[in-house]
Amino acid sequence: MRIEVGGNTHVGRVRQNNEDAFQIERSLNLYVLSDGIGGEEQGEVASALAVDTVVRHCLESENHRAAPLFVEPRPDLSERTNRLMSAVTLANRKIFEAAGSQTEHRMGATIVAVWLQGERLSLVHVGDSRAYLLRGGSLEQLTSDHSLVAEQVRRGVLTPQEAETSELQSVLIRALGSEDRVEADADEHLLLEGDTLLLCSDGLTRMVTDPEIASTLLTIESAQLAAEHLVELANDYGGHDNVTVIVIRALSGSTGLFGRLRRWGK
Amino acid sequence: MARLLLKFDTAILKEIPLGNRPVTIGRAPDNEVAIDNLAVSNYHARIYGEAGRLVIEDLNSLNGTFVNDMRVERATLRDGDLVQVGKHQIQVDAAHDAALPVDAWRKVAAPKVDETMVLDTQERREMLRQAAVAGERAQISPTRVRVPTLRVIAGKTNQSEYVLSGKLTVIGRSEMATVRLRGWFAPRVGAQIHKRDDGYYLGVGDRIPKVNGRAINGSTLLCDGDVIEIGRVKLHFGYPA
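Predicted model, so just to flag it, every value in this text is computed and none were measured.

**Side note on the overall build of chain A**
Here comes step 1: In terms of regular secondary structure, chain A is built from eight helices and twelve strands.
Here comes step 2: The C-alpha atoms of chain A give a radius of gyration of 18 Å, which matches the 18 Å a tight globule of 266 residues would have.
Here comes step 3: If one aligns the C-alpha atoms of chain A with their principal axes, the spans along those axes are about 60 × 45 × 35 Å.
Here comes step 4: Within chain A, the fraction of its 266 residues that count as buried is 55%.
Here comes step 5: Across chain A, every contact between residues at least 6 apart in sequence was considered, and the portion connecting residues at least 24 apart equals 69%.
Here comes step 6: Of the roughly 11,600 Å² of accessible surface on chain A, 49% is carried by carbon and sulfur atoms.
Here comes step 7: Averaged over its 25 positive side-chain charges, chain A has a centre that lies 7 Å from the centre of its 40 negative ones.

**Concerning the sheet that holds strand β8 (residues 138–141) of chain A**
The strands making up a sheet associate through backbone hydrogen bonding, with each pair oriented either parallel or antiparallel.
All names here are of chain A.
Here comes step 1: With antiparallel pairing, five strands are arranged side by side in an open sheet as β1-β12-β11-β7-β8. The open sheet has two edge strands, β1 (2–10) and β8, and neither has a second partner. Neighbour-to-neighbour, the strand axes of this sheet turn through a mean angle of 20 degrees, independent of strand direction.
Here comes step 2: Looking at chain direction, strand β7 (residues 130–135) and β8 are connected through four bridges and run antiparallel.

**Regarding empty space enclosed by the protein**
Here comes step 1: Taken as a whole and judged by the stated rule, the model has two cavities of 30 Å³ or more.
Here comes step 2: Estimated volume of the largest cavity: approximately 70 Å³.
Here comes step 3: Every residue lining the largest cavity is counted, ten residues in all, and those nearest its centre are Arg15, Glu19, Asp35 and Gly36 of chain A together with Thr116 of chain B.
Here comes step 4: Taken together, the residues of the lining of the largest cavity sort by class into one nonpolar, four polar and five charged.
Here comes step 5: Volume-wise, the second largest cavity comes out at about 50 Å³.
Here comes step 6: Taken together, Ser78, Arg80, Trp115, Leu116, Gln117, Arg120, Leu121, Ser122 and Glu188 of chain A make up the lining of the second largest cavity.
Here comes step 7: Elements with a minimum of two residues in the lining of the second largest cavity: β5 (111–117) and β6 (120–126) of chain A.

**With respect to helix α7 (residues 223–236) of chain A**
Residues and elements named next belong to chain A.
Here comes step 1: Taking 1.5 Å per residue as the helical rise, α7 with its 14 residues ought to reach 20 Å, and the 20 Å between its terminal C-alpha atoms agrees with that figure.
Here comes step 2: Along α7, the positions that sit buried rather than exposed are Ala223, Ala226, Ala227, Leu230, Val231, Leu233, Ala234 and Asn235.
Here comes step 3: On the buried face of α7, the contacting elements are β1, β11 (196–200), α5 (202–205), α6 (210–219) and β12 (243–251).
Here comes step 4: For α7, the N-terminal cap is Ser222; the gap from its side-chain oxygen to the backbone nitrogen of Gln224 is 3.3 Å.
Here comes step 5: Positive backbone phi, at 125 degrees, marks Gly238, one or two positions downstream of α7.

**Some remarks on the sheet that holds strand β22 (residues 227–230) of chain B**
Residues and elements named next belong to chain B.
Here comes step 1: Reading across the sheet, the six strands line up as β14-β13-β23-β22-β19-β20 and stay open at both edges, with antiparallel pairing between neighbours. The sheet terminates laterally at β14 (161–163) and β20 (214–215), the two strands that pair on one side only.
Here comes step 2: Alignment of β22 against strand β23 (residues 233–238), held across four bridges, turns out to be antiparallel. Each residue of the ladder has a partner; that of Glu229, found in β23, is Lys234.

**Structural notes on unusual backbone geometry**
Here comes step 1: Despite not being glycine, Asn29 of chain A has its phi angle at roughly 60 degrees, a positive value.
Here comes step 2: Checked against the element boundaries, Asn29 of chain A lands in the loop between β2 (20–25) and β3 (30–37).
Here comes step 3: Taking relative accessible area as the criterion, Asn29 of chain A reaches 23% and is therefore assigned partly exposed.
Here comes step 4: One non-glycine residue, Asp69 of chain B, lies in positive phi territory at about 75 degrees.
Here comes step 5: Note that Asp69 of chain B resides in the loop between β7 (65–67) and β8 (70–72).

**A closer look at α6 of chain A**
Residue and element names in this part refer to chain A.
Here comes step 1: Among the residues of α6, those classed as buried are Ile213, Ala214, Thr216 and Leu217. Within α6, the buried residues cover an arc of 165 degrees as seen down the axis, which keeps them to one side. Relative to its buried face, α6 has exposed residues pointing more than 90 degrees away, namely Pro211, Leu218 and Thr219.
Here comes step 2: Here the buried face of α6 lies against β7, β8, β11, α5, α7 and β12.

**Brief notes about the environment of Gly231 of chain B**
Here comes step 1: Within the secondary structure, Gly231 of chain B is located in the loop between β22 and β23.
Here comes step 2: Measuring from C-alpha to C-alpha, the distance between Gly231 of chain B and Ile171 of chain B comes to 11 Å, with 60 residues separating the pair along the chain.

**Topic: the environment of Gly166 of chain B**
Here comes step 1: By secondary structure assignment, the location of Gly166 of chain B is in the loop between β14 and β15 (168–172).
Here comes step 2: Owing to a relative accessible area of 18%, Gly166 of chain B belongs among the buried residues under this scheme.
Here comes step 3: When the C-alpha atoms of Gly166 of chain B and Lys195 of chain B are compared, they prove to be 7.4 Å apart, with 29 residues separating the residues in sequence.
Here comes step 4: Apart from residues lying up to four places away in sequence, Gly166 of chain B is in contact with Asp76 of chain A together with Lys195 of chain B.

**Some details on the pairing of β7 of chain A**
Here comes step 1: Of all the six residues making up β7 of chain A, five are buried; the element is thus mostly covered by neighbouring parts of the structure.
Here comes step 2: Where β7 of chain A folds back onto β8 of chain A in an antiparallel hairpin, the turn is made up of two residues, including Gly136 of chain A, whose phi is positive at roughly 55 degrees.

**Overview of the packing of α6 of chain A against α7 of chain A**
Residue and element names in this part refer to chain A.
Here comes step 1: α7 packs onto α6 with a crossing angle of 150 degrees between their chain directions and a minimal axis gap of 9 Å. When the axis of α6 is compared with that of α7, the two are roughly antiparallel. Both α6 and α7 take part in a crossing whose hand is right-handed. On α7, the residues touching Ile213, Thr216 and Leu217 of α6 are Ala226, His229, Leu230 and Leu233.
Here comes step 2: Classifying every residue of the contact of α6 with α7 gives five nonpolar, two polar and no charged.

**Topic: the packing of aromatic side chains**
All names here are of chain B.
Here comes step 1: Evaluated as defined, the whole model comprises three aromatic pairs over all chains.
Here comes step 2: Ring geometry for Tyr200 and Phe237: centres 6.2 Å apart, planes at 55 degrees, overall tilted. Here Phe237 lies in strand β23 and Tyr200 lies in strand β18 (residues 199–204), a separation of 37 residues in the sequence.
Here comes step 3: We classify Phe237 as buried; its relative accessible area is 0%.
Here comes step 4: An angle of 70 degrees between the planes, with centres 6.4 Å apart, marks the rings of Tyr200 and Tyr239 as edge-to-face. Of this pair, Tyr200 sits in strand β18 while Tyr239 sits in the segment after β23, placing them 39 residues apart in sequence.
Here comes step 5: Given the relative accessible area of 7%, Tyr200 is considered buried.

What counts and how
- Per chain, residues are indexed from 1 in the order of the written sequence.
- Here chains are named by letter from A upward and ligands by number from 1 upward, in the order in which they appear as written.
- Given that the model is predicted, a residue must reach a pLDDT of at least 70 before its local features are reported, and side-chain atom pairs must reach 80 or more before they are shown or counted; all residues, however, enter totals for whole chains, interfaces and linings.
- To get the side-chain values, take all heavy atoms of the structure and skip hydrogens and water.
- Comment: elements are numbered from the N terminus, with helices defined as DSSP H or I runs of at least four residues and strands as E runs of at least two.
- Throughout, the radius of gyration refers to the C-alpha atoms, and the reference size of a globule is 2.2 Å times the residue count to the power 0.38.
- Partly exposed residues are those whose accessible area sits between 20% and 50% of the maximum for their type, while under 20% is buried and over 50% is exposed, using a 1.4 Å probe and protein chains only.
- By definition, residues are in contact when any of their heavy atoms lie within 4.5 Å.
- What sets the accessible areas is the Shrake-Rupley method with a 1.4 Å probe; for residues, cover comes only from the shown protein chains.
- Under the counting rule used here, the positive set is Lys and Arg, the negative set is Asp and Glu, and His together with the chain ends is not counted.
- Note on charges: their place is set at NZ of Lys, CZ of Arg, CG of Asp or CD of Glu.
- Here a strand pair is declared whenever DSSP counts at least two bridges between the two strands.
- Note on method: axes are straight lines fitted to C-alpha atoms, helices fitted across the in-contact stretch only, with angles between N-to-C directions ranging 0 to 180 degrees.
- A cavity here means a set of 1 Å grid points, computed over protein atoms only, where a 1.4 Å probe fits but cannot escape. A pocket is an open set with protein on both sides within 12 Å along at least 5 of 7 lines, and lining residues have an atom within 4 Å of a point.
- Grid points are joined across faces, edges and corners, and a volume is the space filled by probe spheres set on the points.
- Residue type decides the class: Asp, Glu, Lys and Arg count as charged, Ala, Val, Leu, Ile, Met, Phe, Trp, Tyr, Cys and Pro as nonpolar, and the leftover types, Gly among them, as polar.
- Residue count minus one, scaled by 1.5 Å, sets the expected span of a helix.
- N or O atoms within 3.5 Å of each other form a polar contact, as long as, within protein, one can give a hydrogen and the other can take it, and as long as residues adjacent in sequence are counted only when both atoms are side-chain atoms.
- The arc under discussion is defined with respect to the helix axis, by the directions toward the C-beta atoms.
- Angular relationships are summarised with four words: roughly parallel below 35 degrees, roughly antiparallel beyond 145, roughly perpendicular across 65 to 115, and oblique for the angles in between.
- Handedness of each helix crossing follows the sense of rotation of the near helix against the far helix: counterclockwise by less than a right angle gives left-handed, clockwise gives right-handed.
- Any two rings among Phe, Tyr and Trp, with Trp reduced to its six-membered ring, count as a pair given centres within 6.5 Å; such a pair is stacked if its planes are under 30 degrees apart, edge-to-face if over 60, and tilted if neither.

Written as structure tokens, this is what we have:
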């Protein structure tokens, strides 16, 4: 299997600062995206710290298998997924400490991180940044938002339609840096040839509907161009928030001479 | 009227109004508050009114009853106290009025709607409590901790039985697979089983597996006794009795 990745971020049409951050760490097949929260420049600091901490911790663990874990490993998760949970826990601690005692300048960040190992995919997230899987033409949201409205939908207080128009969409119930501990969600999936993964901040999903996202990913072959087009769409529809996307494609990995020649020719 | 809230993590599983009768808590199904978890004794504790106070009494339970993290044999309960029984909590809510209107949400979250904000623990508890009260369908059934197994009925595999304790179980020839298939024509990643909150789902791999003789159409919730077929391999999916 061969992985093709594209990523893009934009401040949008309304905001002054881009508080989103992302990193594509090809050497590890690790993809991390974060949306910062906080006034002035705090949000930018928080999301950059989140992404940087997660990538560094995972890189370190590759060099030193015995690098300490910052969480109690869960027996139902793989070593990679536990490592990613550890990285996110560490990121939470760093942001919480960076915010210090200044309660007025509370800062925080969401995170969504995917780490691929062969066909196994580790996914960890906190907040309302999402991961989607496009398989066989249908788009499935792999993460559930840690937002108040999503919780209300889960509890049957709101319908999904009501949630979309709620004025409380920006209220998160979990984020990195808001408390000294964080509860991150972890999941594992199987990645198949032909699959496309999408990581995105809420700046995309508030502006662009799931069917539009799916059709973009289905019609634009290049991961980078698809990522750029999704950002453009969000801006065309008003660009109310910063928007960031990472598109990850799992392609047929014919490593034979023919496959190599064919790719070389492209 | 005062009430008790049975909780697991942040989820409110049940609301128990307090009347004149004592409330018994335990694993046996005839308890007022029945908690199906091995950490809970059959008749674990009871809560009752006595001389205008609310009292909790441990019924010689194995793992103990805790009030605000203190182990107790008998204690007076106050509004807001948190009783821990096994992994579940019971919160005392003495000053509970009838269902709060959904409007109550707005008060907490009114400022700067456009700006993302994060609720702290206290606010979150309050909002989730209100969410549970406002939602009539709010009673989430407690998750059962039952781990199913796959038993090999036919075909070549590296073990004869597998306990599905992981989040993801891959079935195939791949080194990543938990259920390793043998043989030249076995698929690399024939199928997958994914553990979710509500059960175990069988999904396609580079083959489309069958359940009870029928090819699956997307992710399929597995039921006790299902037979999964991937090529020549047949696996029996079952929960422990």
